[in-house]
Amino acid sequence: MSFKTPDLCDQYEAELGQTVRVLAPMFQRYGGRSSFSGEIVTLKIFEDNTLVREIFNEDGRGKVLVIDGGGSLRCALVGDQLAILAHKNGWEGVVVYGCIRDSGDINGIDIGVRALNTHPQKTVKKGVGDRNLAVTFGGVTFRPGEWLYADEDGVIVATHPL
């Protein structure tokens, strides 16, 4: 699917702030895919990426994982091995409210990635977190089953496919 987030914002101007929401411009672009979209799957974790691996082991065709990592800048929630796993299982992309690592390698993988920044340190492994909850960051609430669209100009979320 080809789209431009500015065009979607213009097309759905009457729905902006309600059924269509725009994420604050706080994320860096990574991954080999500059634009991606899909149905939202959410994960709420803090400095523990055990559940990320579990989710990326599932079929992700047509889906985007939104990780609420609490905005932590103390470790990376996604690295090259998880990005390879996500790509292998068809995930369109991932938005990380936290950090990633192995960014050079991730940039060569055909997956869309948005994250606050990079960090070389890995996480602890306790298996703690929650899946498929509404999560909020960047001025937007992400609900499982909604739709995310990301490109060079930003990230938008819609209650229905656009």
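Okay, so let's go over this structure. Keep in mind that what you see is a predicted model, and the values were worked out from it rather than measured.

A separate point is the overall build of the protein. When its secondary structure is counted, the protein shows four helices and 12 strands. By principal-axis analysis of the C-alpha atoms, the protein measures approximately 45 × 30 × 25 Å. When the 162 residues of the protein are sorted by exposure, 49% land in the buried category. Counting contacts in the protein only where the partners sit at least 6 residues apart, residues at least 24 apart contribute 75% of the total. About 7600 Å² of surface is accessible on the protein, with carbon and sulfur atoms providing 46% of the total. Put simply, the protein has 17 plus and 21 minus side-chain charges, and the middle of one group is 7 Å from the middle of the other.

By the definition in use, this model includes nine salt bridges. Of the charged contacts in the structure, one is a salt bridge between Glu92 and Arg33, with a shortest N-O distance of 2.8 Å. With Glu92 in the loop between helix H3 (80-88) and strand S6 (93-100) and Arg33 in the loop between strand S2 (28-30) and strand S3 (36-44), this pair connects stretches of sequence that are 59 residues apart. Close ionic contact of Arg143 with Glu146 constitutes a salt bridge, the shortest N to O distance being 3.6 Å. Take Glu146: its relative accessible area is 6%, and that puts it in the buried class. Through salt bridges that share partners, Arg21, Arg143 and Glu146 make up one connected network.

Another point: the nonpolar core. Counting 25 residues, the largest nonpolar core has Val52, Phe56, Leu65, Ile67, Trp91, Val96 and Ile100 as its most contacted members. Listing elements by their share of this core, those giving two or more residues are S3, helix H2 (50-56), strand S4 (63-68), strand S5 (76-78), H3, S6 and strand S7 (112-118). The contact partners of Ile67, leaving out residues within four places of it in the chain, are Leu43, Ile45, Val52, Leu77, Val78, Val94, Val95, Val96, Tyr97 and Phe137. Phe27, Val95, Val135 and Leu148 belong to the second largest nonpolar core, which has 16 residues in total.

The phi torsion at Glu47 lies on the positive side, around 55°, for a residue other than glycine. Following the sequence through the fold, Glu47 ends up in the loop between S3 and H2.

This brings us to the layout of surface pockets. The computed volume of the largest pocket comes to approximately 220 Å³. Together, 14 residues line the largest pocket, and Asn49, Arg53, Leu82, Arg101 and Lys125 are the ones closest to its centre. If you tally residues by element for the lining of the largest pocket, the top one is H3, at three residues. Here the second largest pocket defines a volume of roughly 160 Å³. Pro25, Met26, Phe27, Gly154 and Val155 are the residues nearest the centre of the second largest pocket, which is lined by 13 residues in total. The class makeup of the residues in the lining of the second largest pocket is six nonpolar, two polar and five charged.

Definitions and limits used
Residues numbered from 1 in each chain as written. Predicted model: local features only at pLDDT ≥ 70, side-chain atom pairs only at ≥ 80, totals over all residues. Heavy atoms only, no water. Helix = DSSP H or I, 4+ residues; strand = E, 2+ residues; numbered from the N terminus. Buried < 20%, exposed > 50% of the residue type's maximum accessible area, 1.4 Å probe, protein only. Contact = heavy atoms within 4.5 Å. Areas by Shrake-Rupley, 256 points an atom, 1.4 Å probe, with all protein chains shown as cover. Lys, Arg positive; Asp, Glu negative; His and termini not counted. Charge placed at Lys NZ, Arg CZ, Asp CG, Glu CD. Salt bridge = Lys/Arg side-chain N within 4 Å of Asp/Glu carboxyl O. Core = buried A, V, L, I, M, F, W, Y, C linked by side-chain atoms within 4.5 Å. 1 Å grid on protein atoms, 1.4 Å probe; cavity = no way out; pocket = protein on both sides within 12 Å on 5 of 7 lines; lining within 4 Å. Points joined across faces, edges and corners; volume = space filled by probe spheres on them. Nonpolar A, V, L, I, M, F, W, Y, C, P; charged D, E, K, R; others polar.

This is a description of form; function is not addressed.
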